[in-house]
Amino acid sequence: MRLEARDHVPEWLTFLVPILAIFFSLFVAATLLIIADAPPLESFYYLIKGAFGSKNAIAETGARATPLILTGLAAGIAFRAKFWNIGAEGQLYAGAIAVTVVGTGAINLPSTLMIPFLFLVGALAGAVAILPSVILKQLFKVDEVVTTLLMNFIIILFVSFVLDGPLKDPMSMGWPQAASIVDSGVLPQIMERTRLHFGFIVAIVTALMIWFILGKTTFGFKIRAVGYNSSAAYHSGHSVIKTMILVACISGGLAGLAGVTETAGLKGYLTLDLSPGFGYTGIAVAMLAALNPIGIVFSAIFLATIYVGADSMSRAMNVPTYLADVVVAVTVLSVLISLVLTQYKFYFKSNSK
Amino acid sequence: MTKVSKKFGTLTANENISFSVSKGEILAVLGENGAGKTTLMNVIFGHYIPDSGTIALKGVRMRSGDTKAAIKSGIGMVHQHFTLAENLTVLENILIGRNPLWGWTLNTKAAEQKIMDISERFGLKIDPHARVLDLSVGEKQRLEILKTLYSNCDLVILDEPTASLTPQEVDNLFVTIQSMVKSGLSVILISHKLDEILKVSDRILVLRHGKVVADMARVKANKALLAELIVGRKIKRPIQKKAKFTSKVLDLNSINTSPTQGSPMGLKNIDLELRGGEIHGIAGVAGNGQRALCELIAGQIKPQSGNLAYKGVLVNSFNVKKFMAMGIAYIPEDRNIDGVIGDMSIQENSVLSELNNPKIATPRGFLLLKECVAYAKNICKKYDVRTQSLSQPARLLSGGNVQKLLIGRWLERNPNVIIACQPTRGLDEGAIAAVHSMLLNAKSDGRAILVVTEDLDELLLISDKVSVMYNGSLTAAKQAKKLEKREIGLMMTGSKIEETIR
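Keep in mind the model is a prediction, meaning the values are calculated, not measured. (Residues numbered from 1 in each chain as written. Chains lettered and ligands numbered in written order. Predicted model: local features only at pLDDT ≥ 70, side-chain atom pairs only at ≥ 80, totals over all residues.)

A. Inspection of the overall build of chain A at higher detail. Looking only at helices and strands, one finds 13 helices and 2 strands in chain A. Here the C-alpha radius of gyration of chain A, 22 Å, is about what a compact globule of 353 residues would show, namely 20 Å. For chain A, the spread of C-alpha atoms along the principal axes amounts to about 80 × 60 × 30 Å. For chain A, the residues scored as buried account for 48% of the 353 residues in total. Pairs at least 24 apart in sequence give 78% of the contacts found in chain A among residues at least 6 apart. (Helix = DSSP H or I, 4+ residues; strand = E, 2+ residues; numbered from the N terminus. Rg over C-alpha atoms; globule rule 2.2 N^0.38 Å. Buried ≥ 20, exposed ≤ 12 C-beta atoms within 10 Å, placed from the backbone. Contact = placed C-beta atoms within 7 Å.)

Have a look at this one:
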């Protein structure tokens, strides 16, 4: 078999490929289910049912998708500019710490002001958390993959410190958790008696905004130009450094927003298990969507479906929930590989001997 | 090679091409960019599988699409862009891929002996233990040829081998090629430079739009005939109009800079004066500070001492955006890296430098997409950028069209100063003529133009004044008409600049 580069990738291929990748990963999952002695079709039925089978299930999927959309956007916009921010997890916690500091009684405003204020504070904290990495990169060319990743550990250990120290809730009976966000700061439910909250709408509106910025503004143009070819952007009079710092701050800010939705929306208070790796999963979300902001909404919902559905599948069929991780990982890998392969034509026989 | 065809989608890159090379012959392959030269060579070398047709070497039909087999049966290729590992030595670069991966020792002694033999036989002087990154361009070229010869090949393909060599290095290369064919090798030489081909080849093959349009002995060819065959029509050479100098636009006064990436010696005591309506040509072997000079005038680097005045006003802050706003345009040497963004569309590339232009975006930063399209359409039409659609990625454009797009983008800004660094490197005859006429038109519009080039024919053809750059210094400008190629060639190698000039 031989490969040959294509000049043009046909449009239908770019749509078909992610779908084929999803089917392929479900096939892999089915194989694993058979090994685990569970009938695959029935298991998938429970997976879908668990994610969409009831009002509560749908709400739960939406609630899970919320932080994933935001961390997906954080990764997506940074990767567009070829700034490899692996630190969304830490930036998420930075946002969460900030809203805990201002939102547990220190400041109390009416709801209509308090909620935007919390989002602003969370975004700022996320942006501040990424600043050291981007500055080190621009000044000393320190690899941002390393610094953003290591910042995660620093911030998470810092969270663990404040939860056992200054921010520890005296009423928590010794648990390392912070006090609850004041009532005026809690994000309202958008489906009654479920956990789906206002943050979901914020996430979708944010995705639309990022889509607009990337496609329709000069700033988005610069982000793409710097990402594709920073040297040509520089020669055309654009400040690569300024663009990079701004993109990084926006990326960190988006991850910070995810910290706000989880603290003020889902949980109501800060704990150490606020995020089961949303920051890292955001990278998968962004890659699955080929960094397209609208695509990120769909891929976040897809991943949320798998994770939420896998919980109920695991209960019903007595299989481990880790299958969800397998499906997600295989889907992302097969999408990435097949997106590369669409660039080529295939020859299965070497013609003429 | 018989009836080879290769299609890419709807584009036919090669159509029924047949030719042969005999032992000890130098075959030159000529053609415009996109005429199918590179495709053809890639077919021979096994990178591409032809859709039809066969290739035979010494009577044995070759399996198509098998690079290893091509190498084994004695085909060697020297690519236009070097394929060397910079951090390894000459010897290691030659041995890469030739020794088994799993083995305890490299048999370097024998290899070194063989390399010395080859280099002596063909006059390819090189130190086998030098690191590649310390080599000059000419030496790297020699290494590439040596690498090919090391694998005992019978047919050597040289793709644009003289693109970045000085006249003296080109002469050396041709001596090597001659000695190669004398010892029974065959050579296929791909080049744009008609003079060189007429000097060195035995037979000339001209391709146009993927077809062979001529296959003739060198003795029957002449420059005008070849140029016509290549483009399929007569090329109108732009005519040098008489210069009418206007006012002084840019004035550099004893400027020194610290070393930069492309120019390790920095700039030394540069005096330069650019006037509207004149083309100032700068000659020099690459890497003697030309790049730093361009970057300085583009506002990318700042001087350590000395001063730069624009229209009589001293400039103190150096940044690209400010210099662009003042009316300076810089057409960089590496158009695909510093000029266009290959993965963005032609339309986006047309407005890349125009995001502050109120025609392109509102002051608040919203793109006016319709105006962007109109702007791009205008550039493509006005400057003859040939493209299927504006939404095509720029990397699909040929070199000539990329350059026309870039120059057009700058000209639309109405710059007072244009710096063009190697504006026609790697372009074909038709595109070179187009670029030259763009520059000459800009000149008669009263713009001041600085052209940096290694191509002395080009230098003397379009410049009004010429100075030579050597080791970071610039000679005083001289009228182009009073200079001879040989004289400039000597100055380029630094021999007694003062005496030659005065």
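B. View of the overall build of chain B. Counting its secondary structure elements, chain B contains 18 helices and 22 strands. Burial analysis of chain B (502 residues in total) assigns 44% to the buried set. Long-range contacts, defined as pairs at least 24 residues apart, comprise 69% of the intrachain contacts of chain B with a sequence gap of at least 6.

C. Structural context of the environment of Gly289(B). Its place among the elements puts Gly289(B) in the loop between strand 14 (278-283) and helix 9 (290-297). Gly289(B) has contacts with Ser263(B), Met265(B), Leu267(B), Met469(B) and Gly472(B), leaving out every residue within four places of it along the chain.

D. Structural context of the sheet that holds strand 8 (residues 155-159) of chain B. Residue and element names in this part refer to chain B. If you walk across this open sheet you meet the 6 strands as 7-8-9-3-10-11, and the pairing is mixed. In this open sheet, the two edge strands, each paired with only one partner strand, are strand 7 (75-78) and strand 11 (211-217). The sheet shows a mean angle of 20° between the axes of neighbouring strands, direction not considered. (Pairing = 2+ DSSP bridges. Axes fitted to C-alpha atoms, helices over the stretch in contact; angles between N-to-C directions.)

E. Summary view of the domain arrangement of chain B. All names here are of chain B. Under the domain assignment, chain B is made up of domain 1 (2-231) and domain 2 (248-329 + 418-501). Centre-to-centre separation of domain 1 and domain 2, based on C-alpha positions: 34 Å. Contacts between domain 1 and domain 2 engage 11 residues on the former and 10 residues on the latter. The dominant element in the side of domain 1 that touches domain 2, judged by the number of residues it contributes, is helix 8 (residues 223-231), at 3 residues. (Domains from an automatic or database assignment.)

F. Spatial organisation of the pairing of strand 3 (residues 26-30) of chain B. All names here are of chain B. The element strand 3 is extensively covered by neighbouring structure, given that 5 of its 5 residues are classed as buried. Burial along strand 3 is two-sided: the face carrying Ile26, Ala28 and Leu30 and the face carrying Leu27 and Val29 are both buried. In this structure, strand 3 lies alongside strand 10 (residues 203-208), joined through 4 bridges in parallel fashion. Opposite Ala28, over in strand 10, you have Ile204 as the bridge partner.

G. Just the sheet that holds strand 15 (residues 305-310) of chain B, in detail. Residues and elements named next belong to chain B. The antiparallel open sheet is built from 4 strands, whose spatial order is 13-12-15-16. Either end of the sheet is taken by a strand with one partner, and the two such strands are strand 13 (270-275) and strand 16 (313-314). Bridge analysis of strand 15 against strand 16 gives 2 bridges, and the strand direction is antiparallel. Residue pairing across strands places Tyr310 opposite Val313, the latter belonging to strand 16.

H. Local environment of the packing of helix 2 (residues 40-52) of chain A against helix 12 (residues 293-317) of chain A. Residue and element names in this part refer to chain A. Contact pair helix 2 / helix 12: the axes reach a minimum separation of 7 Å and the direction vectors enclose 125°. In terms of orientation, helix 2 lies oblique with respect to helix 12. Here helix 2 runs over helix 12; the crossing is right-handed. Here helix 2 contributes Glu42, Ser43, Tyr46, Leu47, Ile48, Lys49, Gly50 and Ala51 to the contact with helix 12, which in turn contributes Thr305, Val308, Gly309, Ala310, Asp311, Ser312, Met313, Ala316 and Met317. (Parallel < 35°, antiparallel > 145°, perpendicular 65-115°, else oblique. Left-handed = near helix turned anticlockwise from the far one by under 90°.)

I. Layout of the nonpolar core. Formed by 185 residues in total, the largest nonpolar core has its most connected members in Ile69(A), Leu303(A), Ile331(B) and Ile419(B). Sequence-distant contacts of Ile69(A), that is, excluding residues within four places in its chain, are made with Ala203(A), Ile204(A), Ala207(A), Ile296(A), Val297(A) and Ala300(A). One finds Leu149(B), Leu158(B), Ala221(B) and Ile230(B) within the second-largest nonpolar core, a separate group that totals 53 residues. (Core = buried A, V, L, I, M, F, W, Y, C linked by C-beta atoms within 7 Å.)

J. Looking closely at the environment of Ser133(A). Residue and element names in this part refer to chain A. With respect to the element layout, Ser133 can be found in helix 5 (residues 111-140). Considering only alpha carbons, one finds Ser133 and Asn85, 48 residues apart in sequence, at a separation of 8.9 Å. If we skip the residues at most four places from it in the chain, Ser133 touches Gly87, Glu144, Thr147, Thr148 and Met151.

K. Structural detail: unusual backbone geometry. For Ala290(A), which is not a glycine, the phi torsion comes out positive at approximately 50°. Of note, Ala290(A) is situated in the loop between helix 11 (278-288) and helix 12. Judged by local crowding, Ala290(A) falls into the partly exposed class, with 16 C-beta atoms found within 10 Å. Positive phi, close to 60°, is recorded for Asp384(B), a residue that is not glycine. Of note, Asp384(B) is situated in the loop between helix 13 (369-382) and helix 14 (399-411).

L. How the structure looks around the packing of helix 4 (residues 88-103) of chain A against helix 5 of chain A. Residue and element names in this part refer to chain A. Running from amino to carboxyl end, helix 4 crosses helix 5 at an angle of 135°, the nearest separation of the two axes being 7 Å. Taken together, the axes of helix 4 and helix 5 lie oblique to each other. Where helix 4 crosses over helix 5, the handedness of that crossing is right-handed. Listed contacts from helix 5 to Gly90, Gln91, Ala94, Gly95, Ile97, Ala98, Val99, Val102 and Gly103 of helix 4 are Leu118, Val121, Gly122, Ala123, Ala125, Gly126, Val128, Ala129 and Ile130. Taken together, the residues of the contact of helix 4 with helix 5 break down into 12 nonpolar, 6 polar and no charged. (Nonpolar A, V, L, I, M, F, W, Y, C, P; charged D, E, K, R; others polar.)

M. Structural view of the confidence of the model for chain B. When the pLDDT values of chain B are averaged, the result is 82; 89% of them are 70 or greater. The complex prediction reports pTM at 0.78, with the ipTM value standing at 0.82. (pLDDT = per-residue confidence, 0-100.)

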